[in-house]
Amino acid sequence: MTLRGLRALGLGLLGLGLSGCGLLGYHKLPVAPRAPEEEAARVHFPESFDNATHLSGPMLEALSLALNDFLPPGRKVQTNARDPRIAECLSRRDTYETRVLRSEEGLFFISFIPDLSRCGLDAEILDGGAVYCVDAQGRIVTVR
């Protein structure tokens, strides 16, 4: 095989590998939307973060891992509900009340509880949330 043939074969394999990313579940995250400059100019940053909610690096990683498994970006939730607005609401990340608890064993428990009132809905669902257990190595141990 000639050098030109090897290059073509290599490029073809590279292209095949890159196109396979979609088949393997890889999804490029959308770019975060930005406010207009006029709105940004009116922002006054706090002098201190003393009263802020603190998430340690490992806690943030556990939360990100659980959230991306529970509701990956761009994924729409399927429900048996008669009202299609419920599925739409459950597909939004801001619908969920989220709590993170670190155990003495170093495990992180992350709870996602839907609040349909955030979508203007007056409905209750019994099984729309989840509780994740994530270990310090960044692995999902179990989900309930």
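- In the nomenclature of an unreviewed UniProt entry, the protein chain corresponds to Lipoprotein from the organism Corallococcus exiguus.

1. Observations regarding the overall build of the protein chain
- From N to C terminus, the protein chain includes four helices and four strands.
- Along the chain direction, N to C, the helices and strands of the protein chain fall in the order α-α-α-α-β-β-β-β.
- Considering the protein chain as a whole, with its 144 residues, one finds that 21% of them fall into the buried category.
- Per element, the accessible surface of the protein chain, about 11800 Å² overall, is 56% carbon and sulfur.

2. Points about the confidence of the model for the protein chain
- Looking at the protein chain as a whole, its pLDDT mean stands at 85, while 81% of the residues score no less than 70.
- Low pLDDT (under 50) marks residues 5-20, which in the prediction has two contacts with non-local residues, meaning those over four places away or in another chain.

3. A look at the nonpolar core
- Counting residues in hydrophobic clusters, the biggest one holds 19 residues, and the most contacted among them are Phe-70, Ile-110, Phe-112 and Tyr-132.
- Contributions of two or more residues to this core are made by helix 3 (57-70), helix 4 (84-90), strand 2 (108-114) and strand 3 (130-134).
- Residues contacting Ile-110, with those up to four places away along its chain left out, are Ala-62, Leu-63, Ala-66, Thr-98, Arg-99, Val-100, Ala-130, Val-131, Tyr-132 and Val-134.

4. Regarding the side chain of Ser-103
- Here Ser-103 lies in the loop between strand 1 (96-102) and strand 2.
- Polar contacts involving the side chain of Ser-103 include one to the side chain of Glu-105, which spans 3.1 Å.

Analysis parameters
- Residues numbered from 1 in each chain as written.
- Predicted model: local features only at pLDDT ≥ 70, side-chain atom pairs only at ≥ 80, totals over all residues.
- Heavy atoms only, no water.
- Helix = DSSP H or I, 4+ residues; strand = E, 2+ residues; numbered from the N terminus.
- Buried < 20%, exposed > 50% of the residue type's maximum accessible area, 1.4 Å probe, protein only.
- Areas by Shrake-Rupley, 256 points an atom, 1.4 Å probe, with all protein chains shown as cover.
- pLDDT = per-residue confidence, 0-100.
- Contact = heavy atoms within 4.5 Å.
- Core = buried A, V, L, I, M, F, W, Y, C linked by side-chain atoms within 4.5 Å.
- Polar contact = N/O pair within 3.5 Å; in protein donor to acceptor, adjacent residues only side chain to side chain.

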